[in-house]
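Close look at the chain arrangement
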Amino acid sequence: MRALVYHGPGKKAFEERPDPVLVDASDAIVRITRTTICGTDLHILKGDVPTVAEGRILGHEGVGIVEQVGGSVTNFAVGDHVLISCISSCGRCANCRTGMYSHCESGGGWILGNLIDGTQAERVRIPFADHSLYPIPAGVDEEVLVMLSDILPTGFECGVLSGAIKPGDSVAIVGGGPIGLAALLTARFYSPAEIIVVDVDDNRLEAAKRFGATWIVNNSDGQAVERVMALTGNRGVDVAIEAIGQAATFDICQAIVTAGGHIANIGVHGKPVQLNLDKLWSHNITLTTRLVDTVSTRMLLKSVVAGKLQPTQLITHRFPLAQVLKAYDTFSQAKEERALKVILTNE
Ligand code: ZN
Ligand code: ZN
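As the structure is a prediction and not an experimental result, all values here were calculated from the model. (Residues numbered from 1 in each chain as written. Chains lettered and ligands numbered in written order. Predicted model: local features only at pLDDT ≥ 70, side-chain atom pairs only at ≥ 80, totals over all residues. Heavy atoms only, no water.)

Coordination sphere of the zinc ion (ligand 1), protein contribution only: Cys38 (SG), His60 (NE2) and Asp150 (OD), at 1.7 to 2.1 Å. Positions of the donor residues of the zinc ion (ligand 1), expressed as sequence spacing, correspond to C-x21-H-x89-D. Highlighted residues: His60 in the loop between helix 1 (39–46) and strand 4 (62–69) and Asp150 in the loop between helix 4 (142–146) and helix 5 (151–161), separated in sequence by 90 residues. (Donors = N, O, S within 2.8 Å, 3.2 Å for Na, K, Ca; no water. Helix = DSSP H or I, 4+ residues; strand = E, 2+ residues; numbered from the N terminus.)

Shown next, in the form of structure tokens:
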């Protein structure tokens, strides 16, 4: 089969690889129908994620058809149409029993396209298939479902739930990429009074406006903090969501959070940041970090099916899987290409 393979920082190739085979009885082999590229894949290619070994097939999002199941898989059969979770989990260990699937003690967690081969391929092996795949209801648009593998649960769990957004809150989302926009779409479940989106890319900010942002702030001149403070009557925001993974954006969150507020970090950080405890220690701030657990996938899937959540708007580009290198170029030049999510189809 053909797959997108990581060959160390800055290096990747679309090349021939052996088809995956069943290893454990709880595995399934899924033929990918649609997949996508994540900001995390760009972090991997920059060398920010040292757990990814050279030779790894990237990708942790996708939809497909079950082609083989191991002897202990009971929830899925050959031919089933499935959504792949970016988090693989046994569902049985102590951490899984508390819903912290991202830290599954049986060897699960975020392993796809990280510790094991991922979804940017014609086929993928899914460990713990019973607990890591979701059946797809008939008639749902496949492209939309790809948004449920990672970005919607991540924006919702790590941003909205960890940030404890309440009705009437002022919310700032620092970073208007796909993850920031997923946080924006799902923040609206809780009717915050205002949502301010900060970015340096006008295209992303216009998308944020279309998705329901109350205010947009272009930080190209580095004045985001002053503008957010002015928009909130110098009070700051109840919830500051960091959706980039850089020291500068984390600093903005620290500067704009109001007393009693939450800073919810989503971004993948490749370097340390400064924590301004000298200013925050007395301000009753809650700072959260989290890897998505995908505990909200079923709920989000129902919301999408019911039309309450419309993530189609996140998809800006479509390519056949064979053009995955072109898709990477497009996605990594998001500003010039006006790209949000790119869909890759394995015909
Ligand atoms: Zn991702
Ligand atoms: Zn587990």
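A few words on the coordination of the zinc ion (ligand 2). Donor atoms from the polypeptide that coordinate the zinc ion (ligand 2) comprise Cys90 (SG), Cys93 (SG), Cys96 (SG) and Cys104 (SG), at 2.3 to 2.4 Å from the metal. Coordination geometry of the zinc ion (ligand 2): the four donor atoms subtend angles of 102 to 119° at the metal centre, consistent with an arrangement described as tetrahedral. Between the donor residues of the zinc ion (ligand 2), the gaps in sequence give the motif C-x2-C-x2-C-x7-C. One end of the pair, Cys93, is in the loop between strand 5 (81–84) and helix 2 (94–97); the other, Cys104, is in the loop between helix 2 and strand 6 (123–126), and 11 residues separate them in sequence. When sorted by exposure, Cys93 lands in the same class as Cys104, which is buried. (Tetrahedral: all angles 85-135°; square planar, octahedral: opposite > 155°, others 65-115°. Buried < 20%, exposed > 50% of the residue type's maximum accessible area, 1.4 Å probe, protein only.)

The next thing to look at is helix 12 (residues 324–332). Here helix 12 has its buried residues at Val324, Ala327, Tyr328, Thr330 and Phe331. In a view along the axis of helix 12, the buried residues occupy a sector of 165°, so they form one face of it. (Arc of directions from axis to C-beta.)

Helix 12 packs onto helix 1 with a crossing angle of 95° between their chain directions and a minimal axis gap of 11 Å. As the angle between them shows, helix 1 and helix 12 are arranged roughly perpendicular. Mapping the contact onto sequence places Gly39, Asp41, Leu42 and Leu45 in helix 1 and Tyr328, Phe331 and Ser332 in helix 12. Along the lines of polarity and charge, the residues of the contact of helix 1 with helix 12 split into four nonpolar, two polar and one charged. (Axes fitted to C-alpha atoms, helices over the stretch in contact; angles between N-to-C directions. Parallel < 35°, antiparallel > 145°, perpendicular 65-115°, else oblique. Contact = heavy atoms within 4.5 Å. Nonpolar A, V, L, I, M, F, W, Y, C, P; charged D, E, K, R; others polar.)

Summed over the entire model, instances satisfying the criterion amount to 16 salt bridges. Salt-bridge contacts for Arg235 lead to Asp238; the nearest nitrogen and oxygen are separated by 2.8 Å. Residue Arg235 is classed as partly exposed on the basis of its relative accessible area, which comes to 42%. On the accessibility criterion, Asp238 (15% relative accessible area) is buried. (Salt bridge = Lys/Arg side-chain N within 4 Å of Asp/Glu carboxyl O.)

We now examine the packing of aromatic side chains. Scanning the model with the defined rule gives two aromatic pairs in all. Aromatic pair Phe156 and Phe189: ring centres 5.7 Å apart, planes at 80°, arrangement edge-to-face. Linking Phe156 in helix 5 with Phe189 in the loop between helix 6 (178–187) and strand 9 (194–199), this pair joins segments that are 33 residues apart in sequence. Given a relative accessible area of 3%, Phe156 falls into the buried group. A relative accessible area of 32% places Phe189 in the partly exposed class. Clustering of aromatic rings is evident, with ring pairs tying together Phe156, Phe189 and Tyr190. (Phe/Tyr/Trp six-rings, centres within 6.5 Å; stacked < 30°, edge-to-face > 60°.)

Moving on to a nonpolar patch on the surface. Judged by side-chain polarity, Leu275, Leu277, Trp281 and Leu287 come together as a nonpolar surface patch covering roughly 440 Å² of accessible area. Mapped onto the elements of the fold, Leu277 is located in helix 10 (residues 277–280). (Patch = residues over 30% accessible without salt bridge, like charges linked within 9 Å, V, L, I, M, F, W, Y side chains within 5 Å. Areas by Shrake-Rupley, 256 points an atom, 1.4 Å probe, with all protein chains shown as cover.)

Backbone geometry at Ala164 places phi at a positive 50°, although glycine is not the residue there. With respect to the helices and strands, Ala164 occurs in the loop between helix 5 and strand 8 (170–174). The residue Asn284 is not glycine, and still its phi comes out positive at about 55°. Residue placement: Asn284 occurs in the loop between helix 10 and strand 13 (286–289). Using a relative accessible area of 60% as the deciding quantity, one classes Asn284 as exposed.

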